[in-house]
Amino acid sequence: MNPSQQPTDPAPTASHPHSNWIPWLLVMILFSALVATCTGFLTTLDGTPPSKALLQAGTAFGSTALLCLAAVPAIHQLRKHR
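Residues numbered from 1 in each chain as written. Predicted model: local features only at pLDDT ≥ 70, side-chain atom pairs only at ≥ 80, totals over all residues. Heavy atoms only, no water.

**Some remarks on the overall build of the chain**
To keep it simple, the criterion reads: Where helices and strands are cited, they refer to DSSP runs of H or I of at least four residues and of E of at least two residues respectively, numbered from the N terminus. A 1.4 Å probe rolled over the protein chains alone gives each residue an accessible area, and that area as a share of the maximum for its type sets the label: buried under 20%, exposed over 50%, partly exposed in between. Residue burial considers only the protein chains on display, and all accessible areas are found by Shrake-Rupley using a 1.4 Å probe.
Each helix and strand in the chain was counted, giving two helices and zero strands. Looking at the 82 residues of the chain, the share that counts as buried comes to 16%. A total accessible area of about 6900 Å² is found for the chain, and carbon and sulfur atoms account for 70% of it.

Here it is, written out as structure tokens:
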């Protein structure tokens, strides 16, 4: 073997398979924050005290985030069955 020739790896190093989760997770968080902000704003306009509006906004954030996170495995399962 020639010293200038280095053994090559037959499988090039690919990026981490879950690296595309980061942008999607950011989108889910931002969408959930938007829903929470709208919920809090509309609840406050209705005359609800700020403490209750904050609790409702937090509930809206959590619910939206859970729905977004639950949709990902469902979409993966649907794509597998094609």
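That covers the picture; the talk isn't over yet.
**What about the side chain of Thr-64?**
Quick reminder of the rule: Contacts were defined at the residue level, with two residues in contact if any of their heavy atoms lie within 4.5 Å.
Tracing the sequence through the fold places Thr-64 in helix H2 (residues 50–80). Sequence-distant contacts of Thr-64, that is, excluding residues within four places in its chain, are made with Phe-31, Ser-32 and Val-35.

**Notes on helix H1 (residues 21–45)**
Counted only if it meets this: In this analysis, the expected span of each helix is defined as 1.5 Å times one less than the number of residues it contains.
For H1, built from 25 residues, the straight-helix expectation of 36 Å at 1.5 Å per residue is met to within 8% by its first-to-last C-alpha distance of 36 Å. Turning to H1, its buried residues are Met-28, Ser-32, Ala-36, Gly-40 and Thr-43. On the buried face of H1, the contacting elements are H2. Just beyond H1, the residue with positive phi is Gly-47, at close to 100°.

**Brief notes about a nonpolar patch on the surface**
Our working rule: Candidate patch residues must exceed 30% relative accessible area and have no salt bridge, after which like charges are joined if within 9 Å and Val, Leu, Ile, Met, Phe, Trp or Tyr side chains if within 5 Å. Any carboxyl oxygen of Asp or Glu within 4 Å of a side-chain nitrogen of Lys or Arg constitutes a salt bridge here.
There is a patch of nonpolar side chains on the surface, built from Leu-25, Ile-29, Phe-61 and Leu-69 and spanning about 310 Å² of accessible area. Mapped by element, the contributors of at least two residues to the nonpolar patch are H1 and H2. The residue Leu-69 is located in helix H2 in this model. Residue Leu-69 is classed as partly exposed on the basis of its relative accessible area, which comes to 36%.

**Observations concerning H2**
Here H2 spans 46 Å end to end across 31 residues, near enough to the 45 Å set by a 1.5 Å rise per residue. Buried residues of H2: Ala-53, Ala-57, Ala-60, Thr-64, Ala-65, Cys-68 and Val-72, and no others. Contacts from the buried residues of H2 go to H1.

**Details of the environment of Ser-51**
Residue placement: Ser-51 occurs in helix H2. Separated by 11 residues in the primary sequence, Ser-51 and Gly-40 have C-alpha atoms spaced 9.9 Å apart.

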